[in-house]
Amino acid sequence: MAVDVLPASGRWEDFASFMVPRKPGAGGCVCMAYRDGRLDMPGRIAHMRDECSREPGPGVLAYVDGEVAGWCSVAPKSSYRRLLNSHTIPHLDEESDPWAIVCFVVRSGYRKRGLMHELLEGAVEHARSSGAELVEGYPAETTGEHLDVVSGYVGTTELFRAHGFEIIQPTKAHSGGALRWLMRRTLR
């Protein structure tokens, strides 16, 4: 299994192939929940199309044997409106504008192959190559228990720890009933 993780900039069609609902009138996040969840579906699609048209882009895509298989949202924290206004996610060192990893999506048929590890490392490398000095995430503490697919979109503390992230402090947020933590990795 050959895996490549690439920035989403210039890859709108690949992003849209599994992140944009196909049925007219269907709902969905389109990875806009943290960016600006107030937008309607056409607005969400237009916003993400624009993000994918420029650098550094809104995140990274994982390809397995050339087929798009996963997504990780990673961008400067200042680009996530909901994070900036959050009362549940702590705000530390905001003047350094850390990059934030807020979402993972792995397509059905590609799960349980370790793609979240590939996506996380690809997100870190994308942030580093884009000039980030610090990257953070807000994963759930599972303490060995399984998170369902919907709740697991934030990742787990075990995943982030395996990639050099350190626990900084608990958040007031939960996912699937599990406490979420602020975790960081310095990129110098």
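Values in this document were obtained by computation on a predicted structure and should not be read as measured data. Residue numbers restart at each chain and count upward from 1, following the sequence in its written direction. Only residues with pLDDT of at least 70 are given local features in this predicted model, and only at 80 or more are side-chain atom pairs given and counted; all residues enter the totals for whole chains, interfaces and linings. Only hydrogens and water are set aside when side-chain values are computed; all heavy atoms of the structure are taken into account.

## Side note on the sheet that holds strand 2 (residues 59-64)
At step 1: Spatially, the seven strands line up as an open sheet ordered 1-2-3-4-5-7-6, and their pairing is mixed. The two strands at the open ends of the sheet, each matched to only one other strand, are strand 1 (3-7) and strand 6 (166-175). Direction aside, the axes of adjacent strands within the sheet are offset by 25° on average.
At step 2: Note: strand 3 (residues 67-76) against strand 4 (residues 99-106), seven bridges, orientation antiparallel. Residue pairing across strands places Gly70 opposite Val106, the latter belonging to strand 4.
At step 3: Only heavy atoms matter for contacts: two residues are in contact if any of them lie within 4.5 Å across the pair. Comment: axis = line fitted to C-alpha atoms, over the contacting stretch for helices; angle = value between 0 and 180 degrees taken between N-to-C directions. The way it works is that DSSP assigns letters per residue, a run of H or I at least four long becomes a helix, a run of E at least two long becomes a strand, and they are numbered from the N terminus. Contacts between helix 1 (residues 12-19) and the sheet are confined to strand 2, strand 3 and strand 4, with strand 3 contributing the most and set at about 105° to the helix. Strand pairing is defined by DSSP finding a minimum of two bridges between the two strands.

## With respect to the pattern of salt bridges
At step 1: One side-chain nitrogen of Lys or Arg within 4 Å of one carboxyl oxygen of Asp or Glu is enough to make a salt bridge. Throughout the structure, instances matching the rule amount to seven salt bridges.
At step 2: The salt bridge involving Arg54 is made with Asp50; its shortest N-O contact spans 2.9 Å.
At step 3: Remark: exposure states derive from per-residue accessible area (1.4 Å probe, protein chains only) relative to the maximum for the residue type, with buried under 20%, exposed over 50%, and partly exposed in between. Judged by its relative accessible area of 37%, Asp50 is partly exposed.
At step 4: The shortest N-O distance in the salt bridge between Arg128 and Glu125 comes to 3.1 Å. Of this pair, Arg128 and Glu125 both sit in helix 5 (residues 115-129), three residues apart, which is roughly one turn of the helix.
At step 5: When salt bridges that share partners are traced, they join Asp50, Glu51 and Arg54 into one network.

## Examining helix 3 (residues 41-52)
A turn of α-helix holds 3.6 residues, and therefore any two residues three or four places apart point the same way.
At step 1: Expected helix span is taken as 1.5 Å per residue step, with the number of steps being one fewer than the number of residues. Taking 1.5 Å of rise per residue, 12 residues should cover 16 Å, and helix 3 covers 16 Å from first to last C-alpha, within 8% of that figure.
At step 2: Those residues of helix 3 not exposed but buried are Met41, Gly43, Arg44, Ile45, Met48, Glu51 and Cys52.
At step 3: In this structure, the buried side of helix 3 is in contact with helix 1, helix 2 (33-36) and strand 3.
At step 4: Pairs of N or O atoms are called polar contacts if they sit within 3.5 Å, as long as, within protein, a hydrogen donor faces a hydrogen acceptor (for residues adjacent in sequence, only side-chain-to-side-chain pairs). Regarding helix 3, its N-cap is Asp40, as a side-chain oxygen of that residue lies 2.8 Å from the backbone nitrogen of Gly43 further along.

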